[in-house]
Amino acid sequence: MKRLLPAFLFLFFSSALYSQLLTWTPSFPVETDNIIITMDAGKGNQGLNNYTNPEDVFVHIGLITSSSSNSGDWKHTLFAWGTTTAAAKASSLGNNKYSYTINNIRSFFSASPGEIIYKIAILFRSGNGSLVQRNAEGGDMFIPVYDNALAIRFTTPPLQPKYSAEPEPINKSLNDNLVVTAISNKPATINLYLNGALIQTGGSVSTISAKPVLNKGGENILIAEAIEGTVKKIDSIKFFVSGTINTAPLPAGVKDGINYDPDNTRVTLVLFAPGKNRVSVIGEFQGNNWTEQSEFQMNKTPDGNYWWLTITGLTPAKEYAFQYLVDGNLKMGDPYAEKVLDPFNDRFIPDSHYPSLKTYPAGQSGNVSILQTAAPAYTWGNANFNRPDKRNLIIYEMLLRDFLSASNWNVLQDTLNYLKRMGINAIELMPVNEFDGNDSWGYNPSYFLAPDKFYGPKNQFKQFIDSCHASGIAVIMDIALNHASGSSPMAALYWNGTTNQTAANNPWFNTEATHPFNVFHDFNHESKATQYFFKRVVGHWLTEYKIDGFRFDLSKGFTQFNSGNNVTLWSRYDASRVALWKMYYDSLQVYSPGSYVILEHFAENDEEKELSDYGMMFWGNSNYNFSEAAMGWLSNSNFEYGLHSVRGWTHPYLINYMESHDEERLIYKNVNFGNSGPGYNTRDIDVALKRVEMSAAFLLTMPGPKMIWQFGEQGYDYSINHCPDGTVNNNCRTEKKPIRWDYLQQQKRRKLYEAYAELLKLRHHPLYKDVFIANNISIEKSLGGGFKWLKLRSAADSSQLILVGNFDITSQTSQVTFPTAGTWYDYLNNTDFVATGTAQSITLQAGEFHLYLNRKLGTTDTIPVIDTIPPIDTTTPPKYFTAKVYPNPANGSSVIEMEIAETGSTQLMLINSGGQQMGTLFSGILTRGKHQFPLSGKINYMGKGLFFVKAQSKDQTRVIKIVIQ
């Protein structure tokens, strides 16, 4: 025993030096023991690190037993999540540590007789469950429960209490020392081995320690062996020791991210990571199996800024999941990956959205990147699309999640005729690059080159864009490049765990935001690293996806001038921000000449005018003024700041709008807060719809580009803060909203849609388009007060219009002078009006409006409507089986559309809500491809209610809902 004394002294010293996420007493609990569990919130995921209310910490606890099917199948859980049951309360020990005591494990959990207890499963959480302490990768924590047989385990180096305990990352190099301690539950002969060599031994001991020199680069293995008579038990730890880092320049022609070789069997990975000590690639490559290995250690460039590795022997078209392992402890995806897998959210993506999505690799943690040589290419049918004149863009802003119940690219493509008939020539998609979770507005971006998988595969997205272009519709991508979430690998690569924010040496991010309204982590756009990343991102979408431009979220935040929380100071002219945006605008035009740059800026007018003169467009928020007018509150209802000419701008690049994703819906405000008078109430839904129609007439006749928020053309009347339970609460702003395509069955709402379509038809008419692009026109207006009017006249072709409307709640009379005497034509009502050419009185009832033209547009003047979308890439066979009904709720014109992958026997069966089969709609052989089955003649006998169609083709089945009202 005398020779082991130094080891015991060393153990005493090392146990104080190396803390653990979880420790427990006794060290080898059996099922009848009392156990004290201690948690260090400074370890693991640090979910409760520096929690300001240490008395508000509770446990979520259960067992893994012989009745459990897997490590996630907790049994005998005692406390409901988010509750503050006294029995679940943890004790604060100070210094970020908490303890929880269980008296007699089996009795505490009321485990069944004969049920074997394997593990205690535990999480520590705040009272409401919003903060949770877990393992570093976000998994559950476990404590093994033993029997009385011999057992041994490592306690040093520190371990992560996973289901199978793993060491915390060991970041060691050649010739470093490693502190090692193992304990047993009873005295035994204990041996410690490093790579097969005995490094310490002791007889009849229960603790043993060593501090070996690490003289082998690459994978090392520690084994602790306990021997009692003929019984032998072991525990093992595998870890990597960094050898000599190879220094080599970047291969010619590579760039940051994934670089594919023309032979489709090689790829070169490049990571910009200045100041890091070592970087390895781990993943599904042959011989790697997610372990750090010498042959997958990346080369470092001579300047120390880049790490790179060429991987060979890849199978063409096969998807490989991989990560970078940085300094032995950080696992991260590639910032430039075009596809990533998420361990928590991918399981909730339906096959109908993303068919045959690759399964997240078992046993891994964090987002993993995907690389694929010889990936299936998309053949563009409209490679040379001519973008609409940005002066006359009619943009439809859309959150795909809240636009279609089946929110994927294929189904969205089916709505293009609806938008085309309306007169839309641009769709602005709220962010669709990869963001945290599946259910989001998208302003929490994580990977900027990857389309979010919840909406479908990348080639389906490309097909959607192609179809838009075939219909004359541009696609604008809303993107948040002001900030990134903590899931961004660039944020994680330089991270301050103590402050839970990006570190001061992060090449891309500020430690603290320089401006108000920031969320997540603020990009430093003065950094060359960020500027390179910005250009790579926009170039990717412009060239690879043929996106037509971007709406840049919070563009005023692209500044290093620190305005703190002072919005006024932030909005002042900022020369450095102006220079930055001019540089970014130029870079977009290099990638794709004529591409749109739309800024959500809201800065001082001088700054916006200068950037507008340079070619950029700006959001122009008129929500408040139009809302006030529609509600009949007139003192703040002047629309004129929605005219670029009023701002003194040279070009009509102001995108005026009444509604956006950020603003309250006009109809909701009308029916809840509108004004009223004798016999007239703006809160009445029919009145409100008519007043919004009048508002739309003023918006859409004002020159310059316009934006419409989805379903505004149908009078969407749910609040922006509508909650799933039907209440209205500010906390529900980004929650899902009801999807009401059935509004089109209501005559008043249908009329609103048709009014939008007629107004937009006029904007596209060749005789009037110069008016709306502000091409050598004159504008007269009176847009304040109740009786509003607007006169536009084009010097180029003498086209003239006058719009008059009464936003008051009582009738109003005003003097209006038409530019010329004679017959004018009431465009929306198809009647004539005789003008005197002098001031004449016009009386309008409350909510009445008229749009007068000096030219009558006959049927030959109308713009033809595209009723069908040209098929795109029809030679490509469908790779999966889909079935859908549209429109739905169904009517006599509804059809069932199926797309099947293989020719074969197919059945369509009609089932009622009680599960009874009502009949067979089709049974026979169908060839590969798309097929349609009209429901006309079948709706009548089905009656009203909820029905299902069960579609079967070969060995695949789909069930779809039909609503008949």
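Worth saying up front: this structure is predicted, and the values here are computed from it rather than measured. For every chain, the first residue of its written sequence is number 1, and the numbers climb from 1 along that sequence. This being a predicted model, a pLDDT of at least 70 is required before a residue's local features are given, and a value of 80 or more before pairs of side-chain atoms are given or counted; all residues contribute to the totals for chains, interfaces and linings. As a rule here, side-chain values come from all non-hydrogen atoms in the structure, and water together with hydrogens is ignored.

Caption draft 1: The overall build of the protein, seen in detail. What the protein contains, in helices and strands, is 17 helices and 54 strands. The principal-axis extents of the C-alpha atoms in the protein amount to approximately 120 × 70 × 60 Å. We call a residue buried when its accessible area falls under 20% of the maximum for its residue type, exposed when it is over 50%, and partly exposed in between, using a 1.4 Å probe and counting protein chains only. In the protein, which comprises 965 residues, the share counted as buried stands at 56%. Put simply, the protein shows about 38700 Å² of open surface, and 49% of that area lies on carbon and sulfur atoms. Across the protein, the centroid of the 82 positively charged side chains sits 2 Å from that of the 87 negatively charged ones. Under the DSSP-based scheme used, a helix requires at least four consecutive residues in state H or I and a strand at least two consecutive residues in state E, with every element numbered from the N terminus. Method for areas: the Shrake-Rupley scheme with a 1.4 Å probe, in which residue coverage is limited to the protein chains shown. We score Asp and Glu as negative and Lys and Arg as positive, and we do not count His or the chain ends. By convention, the point assigned to a charge is CZ for Arg, NZ for Lys, CD for Glu and CG for Asp.

Caption draft 2: Spatial organisation of empty space enclosed by the protein. Of the grid points, spaced at 1 Å and generated over the protein atoms alone, those admitting a 1.4 Å probe that cannot get out make up cavities, while open sets with protein on both sides within 12 Å along at least five of seven lines make up pockets; any residue with an atom within 4 Å of a point is treated as lining. Grid points are joined across faces, edges and corners, and a volume is the space filled by probe spheres set on the points. Applying the stated criterion to the full structure yields five cavities of 30 Å³ or more. There is about 130 Å³ of room inside the largest cavity. Lining the largest cavity are 17 residues, and of these Asp402, Arg665, Trp709, Gln710 and Lys737 lie nearest its centre. Residues were grouped as follows: Ala, Val, Leu, Ile, Met, Phe, Trp, Tyr, Cys and Pro as nonpolar; Asp, Glu, Lys and Arg as charged; and all remaining residues, including Gly, as polar. Class assignment of the residues belonging to the lining of the largest cavity gives a composition of eight nonpolar, three polar and six charged. One number sums up the size of the second largest cavity: a volume of about 50 Å³. Along its surface, the second largest cavity is lined by Asp256, Gly257, Val270, Leu271, Phe272, Asp334, Pro335, Tyr336 and Trp508. At three residues, the largest contribution of residues to the lining of the second largest cavity is made by strand 18 (residues 267–272). Of the residues belonging to the lining of the second largest cavity, the class tally is six nonpolar, one polar and two charged.

Caption draft 3: Quick look at unusual backbone geometry. In this model, threonine 25 is joined to proline 26 through a cis peptide bond whose omega is 5 degrees. By the element assignment, proline 26 lies in the loop between strand 1 (22–25) and strand 2 (35–40). With omega at 10 degrees, the peptide bond leading from threonine 156 into proline 157 counts as cis. You can see proline 157 is positioned in the loop between strand 9 (152–156) and strand 10 (159–160). The phi torsion at asparagine 264 lies on the positive side, around 65 degrees, for a residue other than glycine. Its location among the elements puts asparagine 264 in the loop between strand 17 (257–260) and strand 18. A positive phi angle, close to 55 degrees, is found at aspartate 327, a residue other than glycine. Here aspartate 327 is to be found in the loop between strand 22 (319–326) and strand 23 (330–332).

Caption draft 4: Fine view of the state of the cysteines. Only a pair of cysteine sulfur atoms within 2.5 Å counts as a disulfide in this structure description. Scanning all chains against the criterion turns up one disulfide. Note on cysteine connectivity: cysteine 723 is disulfide-linked to cysteine 732, with sulfurs 2.1 Å apart. Since a negative S-S torsion denotes a left-handed disulfide, the cysteine 723-cysteine 732 link at about 100 degrees is right-handed.

Caption draft 5: Fine view of the pairing of strand 16 (residues 231–242). Strand direction decides the pairing type here: strand 12 (residues 172–173) and strand 16, joined by two bridges, are parallel. Opposite serine 173, over in strand 16, you have serine 242 as the bridge partner. Pairing between strands is defined by DSSP: at least two bridges between them are needed. Across 11 bridges, strand 15 (residues 218–228) lies against strand 16 in antiparallel orientation. By the bridge assignment for strand 16, glutamate 225 is matched with isoleucine 234. What sits between the antiparallel neighbours strand 15 and strand 16 is a turn of two residues, in which glycine 229 has the positive phi angle 65 degrees.

Caption draft 6: Representation of the packing of aromatic side chains within the structure. Two rings from Phe, Tyr or Trp (for Trp, the six-membered ring) form a pair when their centres are within 6.5 Å of each other. A pair whose planes differ by under 30 degrees is stacked, one over 60 is edge-to-face, and the rest are tilted. Inspection of every chain in the model, using the stated rule, returns 56 aromatic pairs. Aromatic pair phenylalanine 28 and tyrosine 146: ring centres 5.0 Å apart, planes at 65 degrees, arrangement edge-to-face. Of this pair, phenylalanine 28 sits in the loop between strand 1 and strand 2 while tyrosine 146 sits in the loop between strand 8 (141–144) and strand 9; the two residues are 118 residues apart in sequence, bridging distant segments of the chain. The buried category is assigned to phenylalanine 28, whose relative accessible area is 11%. Judged by centre distance (6.1 Å) and plane angle (80 degrees), the ring pair of tyrosine 668 and phenylalanine 673 falls under edge-to-face. Take phenylalanine 673: its relative accessible area is 44%, and that puts it in the partly exposed class. In textbook terms, an aromatic cluster arises when at least three aromatic residues are bridged by ring pairs, as seen for Tyr396, Phe403, Tyr418, Phe711, Tyr716, Tyr718, Trp741, Tyr743 and Tyr753. Geometrically, a lysine NZ or arginine CZ counts as sitting over a ring once it is within 6 Å of the ring centre and also within 35 degrees of the ring normal. Residue placement shows arginine 551 over the ring face of tryptophan 619; its charged tip is 4.0 Å from the ring centre.

Caption draft 7: Summary view of helix 15 (residues 747–764). Each helix should span, by expectation, one fewer than its residue count multiplied by 1.5 Å. Given a rise of 1.5 Å per residue, 18 residues ought to cover 26 Å, and the 26 Å separating the end C-alpha atoms of helix 15 matches this to within 8%. If you check which residues of helix 15 are buried, you get Arg749, Leu752, Tyr753, Ala755, Tyr756, Ala757, Leu759, Leu760, Leu762 and Arg763. What makes two residues a contact is simply this: any of their non-hydrogen atoms within 4.5 Å. Packing partners of the buried residues in helix 15 comprise strand 26 (394–398), helix 5 (416–422), helix 14 (685–701), strand 39 (706–709), helix 16 (769–772) and strand 47 (849–853).

Caption draft 8: Molecular detail of the environment of isoleucine 598. Among the secondary structure elements, isoleucine 598 is positioned in strand 34 (residues 596–599). Remark: the alpha-carbon pair of isoleucine 598 and tyrosine 585, spanning 13 residues in sequence, is separated by 10.0 Å. Setting aside its immediate chain neighbours within four residues, isoleucine 598 contacts Ile395, Glu428, Ile476, Phe550, Arg551, Phe552, Met617, Trp619 and Ile655.

Caption draft 9: Looking closely at a nonpolar patch on the surface. A grouping of Ile116, Tyr118 and Tyr163 is seen on the molecular surface, where their side chains present a nonpolar patch of about 260 Å² in accessible area. By the element assignment, tyrosine 163 lies in the loop between strand 10 and strand 11 (166–167). According to the relative accessible area criterion, tyrosine 163 is partly exposed, its value standing at 32%. Patch definition: residues above 30% relative accessible area lacking any salt bridge, with like charges linked at up to 9 Å and the nonpolar side chains Val, Leu, Ile, Met, Phe, Trp and Tyr linked at up to 5 Å. Each reported salt bridge corresponds to a side-chain nitrogen of Lys or Arg within 4 Å of a carboxyl oxygen of Asp or Glu.

Caption draft 10: View of the packing of helix 12 (residues 623–631) against helix 14. Orientation of helix 12 relative to helix 14, taken along the N-to-C sense of each, is 140 degrees, at an axis distance of 9 Å. Classified by the interaxial angle, the pair formed by helix 12 and helix 14 is oblique. The handedness of the crossing between helix 12 and helix 14 comes out as right-handed. Contact with helix 12, carried on its side by Phe626, Ala629, Ala630 and Met631, involves Arg691, Ser695, Phe698 and Leu699 of helix 14 and no other residues of that element. Residue composition of the contact of helix 12 with helix 14, grouped by class: six nonpolar, one polar and one charged. In this analysis an axis means a line fitted to C-alpha atoms, helices contributing only their contacting stretch, and an angle means the value between N-to-C directions, from 0 to 180 degrees. When describing relative orientation, an angle under 35 degrees is termed roughly parallel and one over 145 degrees roughly antiparallel, while 65 to 115 degrees is termed roughly perpendicular and anything else oblique. Take the far helix as your reference; a near helix turned counterclockwise from it by less than a right angle gives a left-handed crossing, and one turned clockwise gives a right-handed crossing.

Caption draft 11: Local environment of the sheet that holds strand 40 (residues 777–782). Spatial ordering of the open sheet is given by 40-41-42-47-44-45, a layout of six strands whose pairing is antiparallel. The strands lining the two open edges of the sheet, one partner per strand, are strand 40 and strand 45 (831–835). The sheet shows a mean angle of 20 degrees between the axes of neighbouring strands, direction not considered. Taken together, the two bridges between strand 44 (residues 822–826) and strand 47 define a ladder with antiparallel strand orientation. What sits directly across from aspartate 826, in strand 47, is tyrosine 852.

Caption draft 12: Here's a closer look at the pattern of salt bridges. What the rule picks out here adds up to 32 salt bridges. In this structure, arginine 387 and aspartate 548 form a salt bridge, with 2.9 Å as the shortest nitrogen-oxygen distance. In this pair, arginine 387 sits in the loop between strand 25 (368–372) and strand 26 while aspartate 548 sits in the loop between helix 8 (528–544) and strand 33 (549–552), placing the two residues 161 residues apart along the sequence. Of the residues examined, aspartate 548 reaches a relative accessible area of 2% and is grouped as buried. Several salt bridges converge on common partners, so that one network encompasses Asp478, Arg551, Asp553 and Glu600.

Caption draft 13: Inspection of the confidence of the model for the protein at higher detail. Confidence per residue, as judged by the predictor, is encoded in pLDDT with a range of 0 to 100. Confidence in the prediction of the protein, expressed as mean pLDDT, is 90, and 91% of residues score 70 or more. Throughout residues 1–17 the model reports pLDDT below 50, and contacts reaching past four residues in sequence, or to other chains, amount to 23 contacts. The low-confidence segment residues 859–880, where pLDDT is below 50, has 40 contacts with residues more than four positions distant or belonging to other chains.

Caption draft 14: Examining the side chain of arginine 647 more closely. When you line up the elements, arginine 647 lands in the loop between helix 12 and strand 36 (654–657). When its relative accessible area of 13% is taken as the criterion, arginine 647 is described as buried. At 2.9 Å, the side chain of arginine 647 forms a polar contact with the backbone oxygen of tyrosine 641. Pairing of N or O atoms within 3.5 Å defines a polar contact, subject to two protein rules: one partner must be a possible hydrogen donor and the other a possible acceptor, and residues neighboring in sequence count only if both atoms are side-chain atoms.

Caption draft 15: Structural context of the sheet that holds strand 4 (residues 91–94). Sheet architecture is open: four strands sit in the order 1-2-5-4, paired in antiparallel fashion. In this open sheet, the two strands that pair with only one neighbour each are strand 1 and strand 4. Looking at each pair of strands side by side, their axes are set apart by 25 degrees on average, direction ignored.

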